[in-house]
Every structure is written in structure tokens, then in C-alpha cells.
Amino acid sequence: MERRIGIMGGTFDPIHIGHLITAEMVRSAAELDEVLFVPSARPPHKDGTCAASPEDRLAMTARAVSENPSFSVSDIELRRDGPSYTVDTIAVLRAQLGDAVLFFITGADAMNDLYRWHEPQRLLRSCQFIVATRQGAALDERIIMEKFTPTERSHIQAVQTPHLEISSTAIRARIRAGLSIRHLVPRAVEEYIEERGLYRAHDEEL
Ligand code: ATP
Ligand code: MG
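What you are looking at is a predicted structure, and each value in this text was computed from that prediction instead of being measured.

### With respect to the site of ligand 1
Taken together, 21 residues sit near ligand 1, with His-16, Asp-109, Ile-166, Ser-168 and Thr-169 positioned nearest. Residue Phe-12 places a main-chain N or O atom 3.2 Å away from an oxygen atom belonging to ligand 1. Note that an oxygen atom of ligand 1 is positioned 2.8 Å from one of the backbone N or O atoms of Ser-168. Protein burial of ligand 1: of its 600 Å² of free accessible surface, 88% is covered by the chains. Looking at the shell around ligand 1, the elements that each hand over two or more residues are strand E1 (4-10), helix H1 (17-29), strand E4 (101-107), helix H5 (108-112) and helix H9 (168-176).

### Topic: the sheet that holds E1
Strand order in the open sheet formed by six strands is E3-E2-E1-E4-E5-E6, and the pairing between neighbours is parallel. Among the strands making up the open sheet, the edge pair consists of strand E3 (71-73) and strand E6 (156-160). Here the strands of the sheet are splayed against their neighbours by 30 degrees on average, with no regard to which way each runs. Bridge analysis of E1 against E4 gives five bridges, and the strand direction is parallel. Looking across to E4, one finds that Gly-6 is bridged to Phe-103. Set on the sheet, helix H2 (residues 54-65) makes contact with strand E2 (34-39) and E3; between it and E3 the angle comes to about 165 degrees. Docked against the sheet, helix H4 (residues 86-97) engages E1, E2 and E4, running at close to 150 degrees with respect to E4.

### Some remarks on the packing of aromatic side chains
The description of an aromatic ring pair uses the distance of the two centres, along with the angle that the planes make with each other. Inspection of the entire model under this criterion finds four aromatic pairs. Measuring from ring centre to ring centre gives 5.8 Å for Phe-12 and Phe-37, while their planes differ by 50 degrees; the resulting arrangement is tilted. Separated by 25 residues along the polypeptide, Phe-12 in the loop between E1 and H1 and Phe-37 in strand E2 bring together distant segments of the chain. The class of Phe-12 is buried, set by a relative accessible area of 1%. You can call Phe-37 buried: its relative accessible area is 0%.

### Overview of the nonpolar core
Ile-15, Leu-32, Val-35, Phe-37, Met-60 and Ile-193 are the most contacted members of the largest nonpolar core, which has 31 residues in total. The set of elements that each furnish at least two residues to this core consists of H1, E2, H2, E4, strand E5 (128-133), H9 and helix H10 (187-196). A per-element tally of this core places H2 first, with four residues. If we skip the residues at most four places from it in the chain, Val-35 touches Gly-6, Met-8, Ala-23, Arg-27, Ser-70, Phe-71, Ser-72 and Ile-105. One finds Leu-36, Leu-123, Cys-127 and Ala-137 within the second-largest nonpolar core, a separate group that totals 26 residues.

Criteria and cut-off values
- Residues numbered from 1 in each chain as written.
- Chains lettered and ligands numbered in written order.
- Predicted model: local features only at pLDDT ≥ 70, side-chain atom pairs only at ≥ 80, totals over all residues.
- Heavy atoms only, no water.
- Near = heavy atom within 4 Å.
- Polar contact = N/O pair within 3.5 Å; in protein donor to acceptor, adjacent residues only side chain to side chain.
- Areas by Shrake-Rupley, 256 points an atom, 1.4 Å probe, with all protein chains shown as cover.
- Helix = DSSP H or I, 4+ residues; strand = E, 2+ residues; numbered from the N terminus.
- Pairing = 2+ DSSP bridges.
- Axes fitted to C-alpha atoms, helices over the stretch in contact; angles between N-to-C directions.
- Contact = heavy atoms within 4.5 Å.
- Phe/Tyr/Trp six-rings, centres within 6.5 Å; stacked < 30°, edge-to-face > 60°.
- Buried < 20%, exposed > 50% of the residue type's maximum accessible area, 1.4 Å probe, protein only.
- Core = buried A, V, L, I, M, F, W, Y, C linked by side-chain atoms within 4.5 Å.

As C-alpha cells, then:
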């Protein structure tokens, strides 16, 4: 049987239980053998700005995924120079993973924005996509119909996941405000953030 591998991309600034629960729900619904978390080095769509360094984001992701034997983390985007284009990442992973079937996992917000990514049509054709949809975060059918051909659309499947109103942006804001983030991120991530004094003070909202 071919291996079925999920790929969860993100800035993970920091990684939180929304990412982990989504990845696990998608993994079980789509019968994936494993999920690889791929932190992006210089996310092109976020103007290349992250609050924490790539090394800290990778370290937090590694701590978070260590709880789940089906999860692992890849540093491939961090080892590559230039912008982190998903289409390039998929090509590298495809070469590394042989004949595994690759499923890129995104939230509906990211999928609705995908047509603005680098070479979106080639990206869609290069692997399967699983969109985690939830109440308040649905696929925008109009955008998907307008921007992609039937063949490209056939690579997209939706999986219902629980709605968790959690974002990295909100977690960073809580830390700046001195509020608790207990249970919003795994304990090991919370400890790492405390030890390194991450996200405490920033002049601007990142
Ligand atoms: P930020 O607030 O900095 O944008 P984020 O919480 O949205 O951070 P990202 O690293 O941007 O996290 O997201 C990575 C992936 O996880 C995206 O595909 C995004 O749609 C998805 N995602 C983020 N938060 C959630 C959530 N609460 N539930 C489900 N999916 C999520
Ligand atoms: Mg986001």
C-alpha cells in the first residue's frame, strides 16, 4: 500500500492546539499514515515577517509534534534560501518520499487565499489538498470556481474539523498583555516560550 502523507505548512509563530487538532482530525478522516509539519522560513504572503526566529519556530513545532507518534517536523523550508514557496517544497518532498501520496493540509482561510500564492495552478496539480472546514471558516466556492479548472478543483477535498477560535496572532497578543496561554499551546511549547522570553514586547502588531 502506498503511504499517504499529510503536509501541514504554516508559520507556527507559535504552533497551537488549533494546528494540532486540525492535523489529527484530518489524519484520521483521510486515513493518512503520518503528518509532516513544515514551518516556513520566510512566508511570502506575510511579507517575510515573523515574530519569532525560524529556529525558535522549528524548536516549538518539534516539541509540539513529539506528543503524537504520527506527527513529525521537517526543516526543509528553513534550509532553503529565498522565499518559501509551497510548490517548491512539494517538489522536494515528492523526490524525498518516493511514491507516497502527498496531501497538503490547509485551513479554509488559507485555501481561499491560495490563488495568490506562487504558481497556484501548478501547486494544485502537484499534490492533493485537504481543506479543514469548520463553522465560520468555509471554502469560498466563488473564488475556487473562478480561479481553478475542474481538474485542479478535483485535487481539493474538504474535511470537517471542530471549530477552534485560536490563532497565533491572538496567542502573541495574550503574551504581550501578560495573559495566560495555558492549554492553548502544548505545555512544552508554553515552557519554551517562557524560557526564551518570546513574544513579550513588540513595537508593532506582527
Ligand atoms: P497567524 O495568526 O499568525 O496567521 P495562524 O494561527 O493562522 O497564525 P498559521 O501558521 O498562519 O497559523 O497557519 C498554518 C495553517 O493552520 C493554515 O493552513 C491555517 O489555515 C491553519 N490554522 C490556523 N489556525 C487554525 C485553527 N484554529 N483551526 C484550524 N486550522 C487553523
Ligand atoms: Mg494564519
